[in-house]
Protein chains: 4
Amino acid sequence: MAGNTFGTAFRVTTWGESHGPAVGAVIDGCPPGIPLCEEDIQIMMDRRKPGSSAASTPRKEEDIVHILSGVFEGQTTGTPICLMVKNKDAKSASYSTIKNLYRPGHGDISYQKKYGVRDYKGGGRASARETVGRVAAGAVAGLILKRVGIQVSAFTLELGSVRAKKLDMDVISQNPFACPDMAAAEKMAVRVEEVRKDGDSLGGIVQVQATGVPVGLGEPVFDKLDADIAKAMMSIGAVKGVEIGAGFEAARLTGSTNNDPILESGFESNNAGGTLAGISSGQDIVVRVAVKPIPSINVPQQTVDLEGKPETIQVGGRHDISAIPRVNVVCEAMLNLVLADFVLRQAQVRALELFSS
Amino acid sequence: MAGNTFGTAFRVTTWGESHGPAVGAVIDGCPPGIPLCEEDIQIMMDRRKPGSSAASTPRKEEDIVHILSGVFEGQTTGTPICLMVKNKDAKSASYSTIKNLYRPGHGDISYQKKYGVRDYKGGGRASARETVGRVAAGAVAGLILKRVGIQVSAFTLELGSVRAKKLDMDVISQNPFACPDMAAAEKMAVRVEEVRKDGDSLGGIVQVQATGVPVGLGEPVFDKLDADIAKAMMSIGAVKGVEIGAGFEAARLTGSTNNDPILESGFESNNAGGTLAGISSGQDIVVRVAVKPIPSINVPQQTVDLEGKPETIQVGGRHDISAIPRVNVVCEAMLNLVLADFVLRQAQVRALELFSS
Amino acid sequence: MAGNTFGTAFRVTTWGESHGPAVGAVIDGCPPGIPLCEEDIQIMMDRRKPGSSAASTPRKEEDIVHILSGVFEGQTTGTPICLMVKNKDAKSASYSTIKNLYRPGHGDISYQKKYGVRDYKGGGRASARETVGRVAAGAVAGLILKRVGIQVSAFTLELGSVRAKKLDMDVISQNPFACPDMAAAEKMAVRVEEVRKDGDSLGGIVQVQATGVPVGLGEPVFDKLDADIAKAMMSIGAVKGVEIGAGFEAARLTGSTNNDPILESGFESNNAGGTLAGISSGQDIVVRVAVKPIPSINVPQQTVDLEGKPETIQVGGRHDISAIPRVNVVCEAMLNLVLADFVLRQAQVRALELFSS
Amino acid sequence: MAGNTFGTAFRVTTWGESHGPAVGAVIDGCPPGIPLCEEDIQIMMDRRKPGSSAASTPRKEEDIVHILSGVFEGQTTGTPICLMVKNKDAKSASYSTIKNLYRPGHGDISYQKKYGVRDYKGGGRASARETVGRVAAGAVAGLILKRVGIQVSAFTLELGSVRAKKLDMDVISQNPFACPDMAAAEKMAVRVEEVRKDGDSLGGIVQVQATGVPVGLGEPVFDKLDADIAKAMMSIGAVKGVEIGAGFEAARLTGSTNNDPILESGFESNNAGGTLAGISSGQDIVVRVAVKPIPSINVPQQTVDLEGKPETIQVGGRHDISAIPRVNVVCEAMLNLVLADFVLRQAQVRALELFSS
């Protein structure tokens, strides 16, 4: 079974390659009666567009989303919503040099050996362009969350080893790195420029969180809320690690320091990151995601060709210095998808309330 | 939709509560013709048994696994394999004091609010006893992996802030913490005794790895090999973080230092942790898992009762100091399940090879 | 992917072979808070027991159902419900003669060639004994339907070419064939005795129906209510045809005679059988199921052995004359499963009602 | 969970409404390396086009299929294949009169009550136009079957109570009803003209069959080959009954006349319709499908409006007299989808053959 569908109740299937005619997503399971127009989606789409941040490629695309189905007279009908974004500005010619070489850190070699064929133009499905479908679907999921009172957001906690020391949410939109610490953002800018001169790239850490989450979301034992979040985040191309709440730091605490005491007024701390035994506790969901540096760099690297002979490769062209901060909105989209899915799944647990009345 | 099934091709559904008649698992999708007897499973089961390690509870259970279906004359038939382990030694009486209190760090409060009812005896499905089914099924998955040449193992990288500095696989079986560094193991023993006196508990980090993995396992874009591994590990009760290869450290590297060069003889390094674009590259799979301290501690903690009134709770009884090292075999079992699933899923990609002959 | 699970929201996985230690089912997705004890299930189980009808085998089994999980203090908890029935009275010796022969009309040959191995004792999973799990799970589903006001029932419309001409529901329990026409039941008894003397067997038609079905159940476009019913019924071993409402007769009507006029008081007729465009209309669900004659007959038949050499086979032993009426309760169970599944799935469509309050 | 996806290994999700911008399908799970171009699909698409048969509507559409993804340099890549057909010629104005009335025999009333909203223009997802996606995907499935040696075809067995008495496959393409009996086809023409004058419509029976089917396809116990076929066929809008092999007639046979004797040279008859215990036996798959008359008729009918007040409705406009023979290719497409799915699923059963070498 192939793996291009995410979610069980709010199901999203993304399709499309970087250099094909279009990319998009089909959502099956969106409840009826939700007002939805293309503008609702475009707002989120614009945040992941190339050229929208300091660390990104100058490649320009309009990325206009088209709703092909599932909406009638301005509201969802409960039927599949197909979202499409046409590809533009694809200069396949510039990829001809890498047709016969495996780029280190990329999926070229694993795709070729898995499938026996490979769309070498822009990486096919392994391209970050696949996330267009995720973000578009995530925007629709966000409309469901809004009804429930859930708000998801992401920011850059760390970039190129520069870590935010303050978490001032008001300044996130005031710097090109979506960083909650203006002083850190300035250091990030310096670090990005250094690395850009080297033709190299950077990784970092994104923090994603959700407020207003009702208690009871998540399905034991395998589809725990945190398990599905971990999958959602790790399914984003550049992600190498995921932690919830205290995360890896929890491994160094004792039970008495890690447990969140429960007061009459609520939990005293949030080491759990909003989930207990895989079910939301009503606290904020707090997730941190490790993003590796972009593998396409303008630096000579050792590799082999399709026949296994050694070669040197230097990937020029239009590439980002870091997936951050463009990936932040993808992380938000994925958390939207997970939470919308569990909101709908929780309806099953409470189904008899709907029918007994 | 409830969430007690894991896998899409090799599907495992676990069932059972800590204090009910039995726990177990049903496997659907195991190929036919594999020799299988109860002994094959019992070996792995014995490693997760209470009382089998230095940091565990003295509660004794025999945990004898029974194969109820799916095996005929000593081999699998391709039909569902139901595995059952009867519960014994359950002293429900000892849980009566916590019937009306939410234990901090436990799922009591989230289960109660999600379902409106809660099996307060031993935690129901949130009990570590649920992992009996995972380990039993993981043992069967291991037989498939054996055919393919894959070997999965786990060890304790860190316990109570004591980290292994050497990775000597030969000594793992020579100390009660499954630690690959004897000197570290001795320090762990000291730390465990300190904490035991305090009535407190410890967390740590488990490393799980697989060797002999063929290239091509994993399904883009959502069911990436690393995404399903992240879900598998995070679905284990005590886990708060998962990283693959360089993991969170990759966030601090540059592209030129993080990319694994490809030589004629293979990859020069393994920062990727064995997966490129979500598909196995043929390198070892390397995963690290952050395990929080056991929440049940013999220390007074603040909580509330079912009506929300403040109370103090002190959980006595038979509890482990740390989920490590008993959880190590659970991590192995989960990696077994993920890999067996992807071995079977890869058969679909190559299906026409089987029919063209 | 193997196929031993039915349903998407109310998911049932059956397991077990006729001559193994036990048979059973695991239900995942049953809502919490439903009172459930073994007696609730046993009532329905007793109706499918061997020896309970005029056309059935004298093989005696107690078929006592055990609830192994998912119920706490007398009510469901929302966690998996494992149901087990131990096998008894299996005289495997009596099957040794058919070990090397394919019985005509049975799955011996297709199982052997699909899997390369075959549980020849009693047919393994292809045995009617597999329906124990279906009926047990169907009984639990029935408790959900009861809450919603749905009532499912089945009767024998035709047996051995004798068709009921009256549909008097009151007499169904008054004859051993579950026939709503006492005169027809008497003719059925004569026909059964004729065929028993010949060592032969009979087929027939079962009608299954549901009353009190709310409008809105069923999911377009593939998981239509009638599509899932068709699958559910055809998945029962002996079934060769399924029709809804006017069924095959609708093929001979015109639009003006087949369409059910809609009056202020409701539909004037029910040629649709309770479903419009795959969604329940609020009318009764009416399904008819064609059941083939039992293939095991005490008459010499031509066949081949495992090597393909011609042989004559005569299957003696304890076999039913007809799957009817024992299969009737299996049909009910399957309709229960379909309807309970769609009740829970409809909760997703209406999910926002639950969260907006 | 919504229900717009069919198949587990070869998964097809259809999307789109009759009067929206486009309709289409996404296929996930198509193996890589299969040559595929738009022409391969268009051939099958042209057979379901409006205006292509004697009993169909004069509405003209070009129905040109576009491949948006999943194909690279002329062959499949193993990634999702998105197929799109733009809608044209939609005169929504002509539907304004039925905006407030429920058409008898249509899903208007059940959709409205299920979702609370309804795309009244052309029936939304309940329109026969939804089958565009099925046929497009079915054409791709057909390419997989071709590799395996399977050939699927359908013909009109009965139309307006006129039944084919000869099954001469050579004449199917020589008459506008796809009937294998020229004399019957002539009678069908007469019957169609009679009914057209009355403004009424006709039903009939389609026979679908597959030759060259390898033994071993189908997954016990719920996903039996015949169970999935029954679901596939019943999920087509107009279908009210499905039978396999002898079907309802089997209910009137005895075991000795219904069982297909097994000779050294193969089966002597095919009452089973190609499936034993839900697994293909190597014989031809034979399925018959009851198609109800088109509910949209130019005859006054009783109905109610959205408020439940009685009204008379007469549906003019461009409508077919019968779904037959346009639905025949939809039946073929659905059988293609079922068989391709089981071919891929059988690869899992045999997976270890691929990895042991």
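About the criteria used
Residues numbered from 1 in each chain as written. Chains lettered and ligands numbered in written order. Predicted model: local features only at pLDDT ≥ 70, side-chain atom pairs only at ≥ 80, totals over all residues. Heavy atoms only, no water. Helix = DSSP H or I, 4+ residues; strand = E, 2+ residues; numbered from the N terminus. Rg over C-alpha atoms; globule rule 2.2 N^0.38 Å. Buried < 20%, exposed > 50% of the residue type's maximum accessible area, 1.4 Å probe, protein only. Contact = heavy atoms within 4.5 Å. Lys, Arg positive; Asp, Glu negative; His and termini not counted. Charge placed at Lys NZ, Arg CZ, Asp CG, Glu CD. Salt bridge = Lys/Arg side-chain N within 4 Å of Asp/Glu carboxyl O. Least-squares fit on C-alpha atoms with pLDDT ≥ 70 in both. Buried area = accessible area lost by both parts, 1.4 Å probe. Polar contact = N/O pair within 3.5 Å; in protein donor to acceptor, adjacent residues only side chain to side chain. Nonpolar A, V, L, I, M, F, W, Y, C, P; charged D, E, K, R; others polar. pLDDT = per-residue confidence, 0-100.

## Considering the overall build of chain A
When you go through chain A residue by residue, the secondary structure sums to 8 helices and 18 strands. Expected size for 357 residues packed as a compact globule is a radius of gyration near 21 Å; at 21 Å, chain A falls within 12% of this value. The principal-axis extents of the C-alpha atoms in chain A amount to approximately 65 × 50 × 40 Å. Across the 357 residues of chain A, 69% fall into the buried class. Across chain A, contacts joining residues at least 24 apart in sequence account for 70% of those joining residues at least 6 apart. Separation of charge centres in chain A, based on 38 positive and 40 negative side chains, amounts to 6 Å.

## Considerations on the pattern of salt bridges
Between side chains of opposite charge, a pair can form as their charged atoms come close. For the structure on display, the rule yields 84 salt bridges over all chains. Of the charged contacts in the structure, one is a salt bridge between B:D108 and B:R118, with a shortest N-O distance of 3.8 Å. Of the two residues, B:D108 is situated in helix α2 (residues 108–115) and B:R118 in the loop between α2 and α3 (131–148); the sequence distance between them amounts to 10 residues. B:R118 matches B:D108 in its accessibility class, with the two residues each being buried. The partner of D:R350 in a salt bridge is D:E353, with the nearest N and O atoms 2.9 Å apart. A relative accessible area of 43% places D:E353 in the partly exposed class. Taken together, the salt bridges that share partners define one network made up of A:D223, A:D228, A:D341, A:R345 and B:K231.

## Some remarks on the relation of the copies chain B and chain A
Between the two copies of this chain, the relationship is a rotation about some axis together with a displacement along it. Mapping chain B onto chain A calls for a screw motion: a turn of 180 degrees about the axis and a shift of 0.0 Å along it, with 0.0 Å RMSD after fitting. Put plainly, the chains are arranged around a two-fold axis. Among all C-alpha atoms of chain B, that of B:K231 lies closest to the rotation axis, at 2.4 Å.

## Observations concerning the interface of chain C and chain D
Counting from both sides, the interface comprises 103 residues of chain C and, opposite them, 103 residues of chain D. Between chain C and chain D, roughly 8,000 Å² of surface is buried when both sides are summed, and carbon and sulfur atoms account for 59% of that area. Summed over the three residues of chain C that lose the most area to chain D, namely C:K114, C:F222 and C:K240, the buried surface amounts to 11% of that side. Run the count over chain C and chain D and you get 8 salt bridges. With its nearest N and O atoms 2.8 Å apart, the salt bridge here joins D:D228 to C:K231. Taken together, the links from chain C to chain D amount to 59 residue pairs in polar contact (both at pLDDT 80 or more). Its residues assigned to classes, the side of chain C that touches chain D shows 46 nonpolar, 33 polar and 24 charged.

## A short note on the relation of the copies chain C and chain D
With an RMSD of 0.0 Å, the operation that places chain C on chain D is a rotation of 180 degrees combined with a shift of 0.0 Å along the axis. Of the residues that chain C buries at the interface, 100% are likewise interface residues in chain D, meaning the two copies contact each other through the same surface.

## Structural notes on the confidence of the model for chain A
For chain A, the average pLDDT comes to 94, and 94% of its residues sit at 70 or higher. Both scores are given for the predicted complex: the pTM is 0.97, the ipTM 0.97.

## Here's the deal with unusual backbone geometry
Cis rather than trans, the peptide bond between B:I324 and B:P325 has omega equal to 5 degrees. On the secondary structure map, B:P325 appears in the loop between β18 (310–313) and α7 (326–349). Of note, the amide linkage connecting C:P220 to C:V221 takes the cis form, showing an omega dihedral of 5 degrees. Looking at the secondary structure, you find C:V221 in the loop between β10 (204–211) and α5 (225–234). Here the phi dihedral of B:A178 falls at roughly 55 degrees; this positive angle occurs in a residue that is not glycine. With respect to the helices and strands, B:A178 occurs in the loop between β9 (162–163) and α4 (182–198). Even without being a glycine, C:D63 presents a positive backbone phi close to 50 degrees. Within the element layout of this structure, C:D63 appears in the loop between α1 (38–48) and β4 (65–67). Judged by its relative accessible area of 3%, C:D63 falls in the buried class.

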